[in-house]
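Next come the chains, spelled out residue by residue.
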Amino acid sequence: MLGGGHASRSKSRLVAGAAAFGAGHLALGGLMLRSGLRFKPVQSAVHGVVAGVAGAVLLTEDRANAPLAAYGGLLATLSALATSVDRSHGPAASVLAVAGPVFLLSDALILARRTTAGGTALARALDVGVIDTYATAALLLLTGTAAAARTAGSAS
């Protein structure tokens, strides 16, 4: 967030960030699965197409973007699982249906920010958009997963 933040064009910085966030996403996905969430075919197919298109765009830009394309696939997988929430996970868990796509939007804004000249109003708006969508998605993912876990715990 400091020193250029989202505007950084350093691939090593993006890959390091993707690796750190990827570890967190794997842990959260594991909690979602333990809470009883299961992938639904339609959500998986839609997210698979999104991940495939995003990955193709990244790889067309530069083959060195392969780690970012893989991270996008992981993020789309987490979003597919989150949007597979249903009433059996409790009403409070329904926020997961919004959380996954908002996280995808946050990362799309990071990529858009990399192509925007610094110091412009658009660049500043994208910086705000990145952090706002990230914070919103994180809050919804964590509260939704906790709600699903509580519902799963009370059912056993």
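Small disclaimer: the values here were computed from a predicted structure and weren't measured. (Residues numbered from 1 in each chain as written. Predicted model: local features only at pLDDT ≥ 70, side-chain atom pairs only at ≥ 80, totals over all residues. Heavy atoms only, no water.)

Draft legend 1. Examining the packing of aromatic side chains more closely. If you walk through the whole model with that rule in mind, you get two aromatic pairs. Where phenylalanine 21 meets tyrosine 134, the ring centres are 5.6 Å apart and the plane angle is 90°; that geometry is what we call edge-to-face. Highlighted residues: phenylalanine 21 in helix 1 (residues 11–34) and tyrosine 134 in helix 5 (residues 121–155), separated in sequence by 113 residues. Residue tyrosine 134 is classed as partly exposed on the basis of its relative accessible area of 29%. Pairwise contacts between aromatic rings join Phe21, Phe103 and Tyr134 into one cluster. (Phe/Tyr/Trp six-rings, centres within 6.5 Å; stacked < 30°, edge-to-face > 60°. Helix = DSSP H or I, 4+ residues; strand = E, 2+ residues; numbered from the N terminus. Buried < 20%, exposed > 50% of the residue type's maximum accessible area, 1.4 Å probe, protein only.)

Draft legend 2. Geometry of the side chain of serine 35. Residue position: serine 35 is located in the loop between helix 1 and helix 2 (41–61). Residue serine 35 is classed as buried on the basis of its relative accessible area, which comes to 8%. Polar side-chain contacts of serine 35 include one of 2.9 Å to the backbone oxygen of leucine 31. If near-sequence neighbours (up to four positions away) are discounted, serine 35 is found in contact with His89, Thr145, Ala148, Ala149 and Ala152. (Polar contact = N/O pair within 3.5 Å; in protein donor to acceptor, adjacent residues only side chain to side chain. Contact = heavy atoms within 4.5 Å.)

Draft legend 3. View of helix 3 (residues 66–82). Compared with the 24 Å implied by 1.5 Å per residue over 17 residues, the 24 Å span of helix 3 between its first and last C-alpha is a close match. When helix 3 is considered as a whole, its buried residues turn out to be Leu68, Ala69, Tyr71, Leu75, Ala76, Leu78, Ser79, Ala80, Leu81 and Ala82. Where the residues of helix 3 are buried, they touch helix 1, helix 2, helix 4 (96–114) and helix 5. (Expected span 1.5 Å × (residues − 1).)

Draft legend 4. View of the nonpolar core. One finds Met32, Leu37, Leu96 and Leu141 to be the most contacted residues of the largest nonpolar core, which totals 28 residues. Elements that contribute at least two residues to this core include exactly helix 1, helix 3, helix 4 and helix 5. In this structure leucine 37 touches Met32, Leu81, Ala82, Val85, His89, Leu96 and Ala148, once residues within four positions along its chain are discounted. (Core = buried A, V, L, I, M, F, W, Y, C linked by side-chain atoms within 4.5 Å.)

Draft legend 5. Highlighting the pattern of salt bridges. Scanning the entire structure with this criterion turns up two salt bridges. Among the salt bridges present, the one from lysine 40 reaches aspartate 86, with a minimum N-O distance of 3.3 Å. Of the two residues, lysine 40 sits in the loop between helix 1 and helix 2 while aspartate 86 sits in the loop between helix 3 and helix 4, which places them 46 residues apart along the sequence. Since its relative accessible area comes to 28%, lysine 40 is described here as partly exposed. Judged by its relative accessible area of 31%, aspartate 86 is partly exposed. As a salt-bridge pair, aspartate 127 and arginine 113 come within 3.0 Å of each other at their nearest N and O atoms. Of this pair, aspartate 127 sits in helix 5 while arginine 113 sits in helix 4, placing them 14 residues apart in sequence. (Salt bridge = Lys/Arg side-chain N within 4 Å of Asp/Glu carboxyl O.)

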